[in-house]
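Fold and geometry: a report
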Amino acid sequence: MRNNLKKITEAGITLVVVSVFVLCYYVAKDINTVVTENAAVAVSTASNMLPDILLDAGHGGFDGGCVGVGGELEKDINLSITKSLYYLCDIFGYNTSATRLKDIAVNDSGIEGIYDMKQSDMKNRLEFFKSSDNAVCISIHQNQFTDAKYSGAQMFFSNKNPLNEKLALDIQQSVVANTQKENTREIKHADDMFLLTTENPSVMVECGFLSNAEECKKLGDKAYQKKMALSVFIGLNKFVKENYSA
Ligand SMILES: [Zn+2]
């Protein structure tokens, strides 16, 4: 786990410059303007007080997560969005780590059986979220429901840290403003989510519904994934700016 994280960090640094150019190419013009404004914020508040950013791309490896109407796997969409978010956080000055930046599960080796592997995988993700005393933790997922009509991103938060609700709200508002203007969903309280039991500020980002054909098509699109990552970053950066002092 530790070695993996070290490798992930090193790989991230080498890819930062490339990813920013790719990102700027793909995102809409108005989003680029917001990035420019946020860059100034991140640089001007840079200090030891800034939180580490701990990112989790949900599922991976043996665990595909939910499946889209066109066969899209949740784990792949989670990974793509998390990678873009990782590079953004990194280049704007945050000490950033991720559970995975490739298609792997993070369970301990030597464990057999899907159930036990999943238990170990989730335990390690929570341990990762607890690995820093000053971190903001974000887990990226896609949603699914039996009724295909439902759509829209939604942020889930627990009562474990008093800042959680603000974090969820800032990210929800940014995603709506920058990517899903039609989305009327509200942030949701969820104390039973295992990963949200960390003491650090944390949020579960459900980017949208793979069970909705129209939204699934968008979420599978690389440019839309980058736009989603950027929207999450803008909400995160606003949260840091307002709750951590230089
Ligand atoms: Zn999921």
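In case you missed it, the structure is sitting above this.
Here the structure is a predicted model, which is why all the values come from computation and not from measurement. (Residues numbered from 1 in each chain as written. Predicted model: local features only at pLDDT ≥ 70, side-chain atom pairs only at ≥ 80, totals over all residues.)

A closer look at the overall build of the chain
- Secondary structure assignment for the chain yields seven helices and six strands.
- Ordered by position from N to C terminus, the α and β elements of the chain give α-α-β-α-β-α-β-β-α-β-β-α-α.
- Residue burial in the chain is summarised as follows: out of 246 residues, 44% are buried. (Helix = DSSP H or I, 4+ residues; strand = E, 2+ residues; numbered from the N terminus. Buried ≥ 20, exposed ≤ 12 C-beta atoms within 10 Å, placed from the backbone.)

Re the environment of Thr96
- Inspection of the secondary structure puts Thr96 in strand β2 (residues 96-98).
- Residue Thr96 is classed as buried on the basis of its C-beta count, with 21 C-beta atoms lying within 10 Å.
- In sequence terms Thr96 and Pro51 are 45 residues apart; their C-alpha atoms lie 9.2 Å from each other.
- Excluding anything up to four places from it in sequence, Thr96 contacts Ile53, Leu55, Tyr86, Cys89 and Asp90. (Contact = placed C-beta atoms within 7 Å.)

Thoughts on the sheet that holds β2
- On the basis of which strands lie adjacent, the open sheet formed by six strands has the order β2-β1-β3-β6-β4-β5 and mixed pairing. Of all strands in the sheet, those with a lone pairing partner are β2 and β5 (188-189), marking the two edges.
- Pairing of strand β4 (residues 154-157) with strand β6 (residues 202-209), which is carried by three bridges, proceeds in the antiparallel orientation. Its bridge partner being in β6, Phe156 is matched across the sheet by Met204.
- Along the sheet, helix α5 (residues 164-178) contacts β3 (135-143), β4 and β6; its crossing angle with β4, the most-contacted strand, is approximately 175°.
- Sheet contacts for helix α7 (residues 222-243): β3 and β6; angle to β3, the most-contacted strand, approximately 150°. (Pairing = 2+ DSSP bridges. Axes fitted to C-alpha atoms, helices over the stretch in contact; angles between N-to-C directions.)

Re α5
- Taking 1.5 Å per residue as the helical rise, α5 with its 15 residues ought to reach 21 Å, and the 21 Å between its terminal C-alpha atoms agrees with that figure.
- Within the sequence span of α5, burial applies to Asn164, Leu167, Ala168, Asp170, Ile171, Gln172, Ser174, Val175 and Asn178. (Expected span 1.5 Å × (residues − 1).)

Here we look at the nonpolar core
- Ranked by size, the top nonpolar core spans 52 residues in total, and within it Val203 and Val232 carry the most contacts.
- Looking at this core element by element, the count peaks at 10 residues for α7.
- Among all residues touching Val232, those that are not within four sequence positions of it are Leu85, Ile138, Ile171, Val175 and Val205. (Core = buried A, V, L, I, M, F, W, Y, C linked by C-beta atoms within 7 Å.)

Considerations on the environment of Gly93
- Residue position: Gly93 is located in the loop between α3 (74-91) and β2.
- The partly exposed category is assigned to Gly93, around which 16 C-beta atoms lie within 10 Å.
- Gly93 sits 43 residues away from Leu50 along the chain, and the two C-alpha atoms are 9.1 Å apart.

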